[in-house]
Amino acid sequence: GTWPELFGWEGGEFMTAWSIATYIDGVAAAGKAAYNVPMYINAWQMGQGWWPIPGESYPSGGAIIKVLDIYKWCTPHVDLIAPDNYQENLRAFESTCAAYARDDNPLFVPESVLKGPHKLRAIAEYNAIGYFGEIRPLLGKDGAIDPESQTQNDICRCVAAVIPLLFKYQGTGKIRSVIEEEGMTRQIFDFDGYMGLIQYGPLLHFLMNEKRERTGSTRGWGLVIQASRNEFYLVGDNYQLYLRPKPSVNKAQPLLSSDWRNTSLGNFISVDEGHFNPKGEFVTERRRNGDQVTWCGLWLE
């Protein structure tokens, strides 16, 4: 049948997508004959009009989600299709990441905004191989980092600090994102061998009634990477991680006297602060063992 017979009023857009995709693949094939380098398509997403109509709120025939299959069928010489993801709502941001993070299409975000911790979700849950944010001036007139840009600066620094771990564990399910959303007080993780609880808000520290106020950013964010059953790496700000061994079906599980005991006592062999050197080796700068830093979970600042 004709395009309208098969696809209704969207037939024109589907036909245009097929035409553009076929043309792009011809260009990519010719380019690879000269330079065998990876090639990708930068995909402008649907607009925010009252109804997303092609040609009005976004270019007709582009590689948006609903024509992604057509593009993948028609572009064998293109290595990946990369979505511009300017969605500020986290749910909408995630739905775009999920659509493009396919077995035949690794996720790369070539355009976005450096606003909020969304990039952490793309990296951890959708295995993004790259992320480019729209950079705005970070420095104020006095040469110091602008307060409104401080959180984004910190997030980028933390992601860069764990790149050796991202290369090693990406796609294994060992990388988790920590994002304090509106109204959220805690986040639960099911780790290998452990129950994990992220606590937000003022950090409970050392003694039961002593609390550390938030630093820097207003909400908690970060990454938790479980390198092995008993080894964790954490980066971020304004959150605490509690770990508790999962009950065993083969052994009697002793119950502690209260929730306070369950969350305050952790059997940590070592808790170290440090960085990765150019060889990807972890270098310890400070040993954090002891009541004052492990009494109520692992806190991040």
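It should be noted that the structure appears before, not after, this text.
Report follows, based on the coordinates. (Residues numbered from 1 in each chain as written. Predicted model: local features only at pLDDT ≥ 70, side-chain atom pairs only at ≥ 80, totals over all residues. Heavy atoms only, no water.)

### Here's the deal with the packing of aromatic side chains
Part 1 of the reasoning: If you walk through the whole model with that rule in mind, you get 10 aromatic pairs.
Part 2 of the reasoning: Judged by centre distance (5.3 Å) and plane angle (80°), the rings of Tyr-40 and Phe-108 are edge-to-face. Of the two residues, Tyr-40 is situated in strand S1 (residues 40–43) and Phe-108 in strand S3 (residues 108–109); the sequence distance between them amounts to 68 residues.
Part 3 of the reasoning: A relative accessible area of 43% places Tyr-40 in the partly exposed class.
Part 4 of the reasoning: What makes Phe-108 buried here is its relative accessible area of 19%.
Part 5 of the reasoning: With centroids separated by 5.5 Å and ring planes inclined at 40°, the aromatic side chains of Phe-189 and Phe-191 adopt a geometry described as tilted.
Part 6 of the reasoning: Look at Phe-189 and you get buried, because its relative accessible area is 8%.
Part 7 of the reasoning: Feature note: the residues Trp-3, Phe-7, Phe-14 and Trp-18 constitute an aromatic cluster, connected by ring pairs. (Phe/Tyr/Trp six-rings, centres within 6.5 Å; stacked < 30°, edge-to-face > 60°. Helix = DSSP H or I, 4+ residues; strand = E, 2+ residues; numbered from the N terminus. Buried < 20%, exposed > 50% of the residue type's maximum accessible area, 1.4 Å probe, protein only.)

### As for helix H6 (residues 147–161)
Part 1 of the reasoning: With 15 residues, H6 ought to run about 21 Å at 1.5 Å a step, and its terminal C-alpha atoms sit 21 Å apart, in line with that.
Part 2 of the reasoning: Those residues of H6 hidden inside the fold are in contact with helix H5 (118–125), helix H7 (163–169), strand S11 (221–228) and strand S12 (231–237). (Expected span 1.5 Å × (residues − 1). Contact = heavy atoms within 4.5 Å.)

### So, the sheet that holds strand S7 (residues 186–191)
Part 1 of the reasoning: One open sheet accounts for four strands, arranged S7-S8-S13-S16; its pairing is antiparallel. Of all strands in the sheet, those with a lone pairing partner are S7 and strand S16 (298–300), marking the two edges. Shown here is a sheet whose adjacent strand axes are inclined to one another by a mean of 20°, direction ignored.
Part 2 of the reasoning: By the bridge criterion, six bridges tie S7 to strand S8 (residues 194–199) in an arrangement that is antiparallel. (Pairing = 2+ DSSP bridges. Axes fitted to C-alpha atoms, helices over the stretch in contact; angles between N-to-C directions.)

### Topic: the packing of H5 against H6
Part 1 of the reasoning: Close contact between H5 and H6 brings their axes to 10 Å; oriented N to C, the two are set at 20°. Taken together, H5 and H6 sit at an angle that is classed as roughly parallel. On the side of H5, the interface is formed by Lys-119, Leu-120 and Ile-123, while H6 contributes Gln-152, Ile-155 and Val-159.
Part 2 of the reasoning: Residues of the contact of H5 with H6, tallied by class, amount to four nonpolar, one polar and one charged. (Parallel < 35°, antiparallel > 145°, perpendicular 65-115°, else oblique. Nonpolar A, V, L, I, M, F, W, Y, C, P; charged D, E, K, R; others polar.)

### Details of the pattern of salt bridges
It is possible for side chains of opposite charge to pair when their charged atoms get near one another.
Part 1 of the reasoning: This structure, assessed with the given rule, holds 16 salt bridges.
Part 2 of the reasoning: The closest approach of N and O atoms between Arg-102 and Asp-69, which form a salt bridge, is 2.9 Å. On the criterion of sequence distance, the pair formed by Arg-102 in the loop between helix H4 (90–100) and S3 and Asp-69 in helix H3 (residues 68–74) is long-range, its members being 33 residues apart.
Part 3 of the reasoning: Exposure remark for Arg-102: the relative accessible area of 25% places this residue in the partly exposed category.
Part 4 of the reasoning: Here Asp-190 and Lys-246 are joined by a salt bridge, their closest N and O atoms 2.4 Å apart. Taken together, the residues span a long stretch of sequence, with Asp-190 in strand S7 and Lys-246 in the loop between strand S13 (239–245) and helix H8 (259–264) at a distance of 56 residues.
Part 5 of the reasoning: Using a relative accessible area of 33% as the deciding quantity, one classes Lys-246 as partly exposed.
Part 6 of the reasoning: Residues joined in a network through salt bridges with shared partners are Arg-91, Glu-94, Arg-121, Glu-125 and Glu-181. (Salt bridge = Lys/Arg side-chain N within 4 Å of Asp/Glu carboxyl O.)

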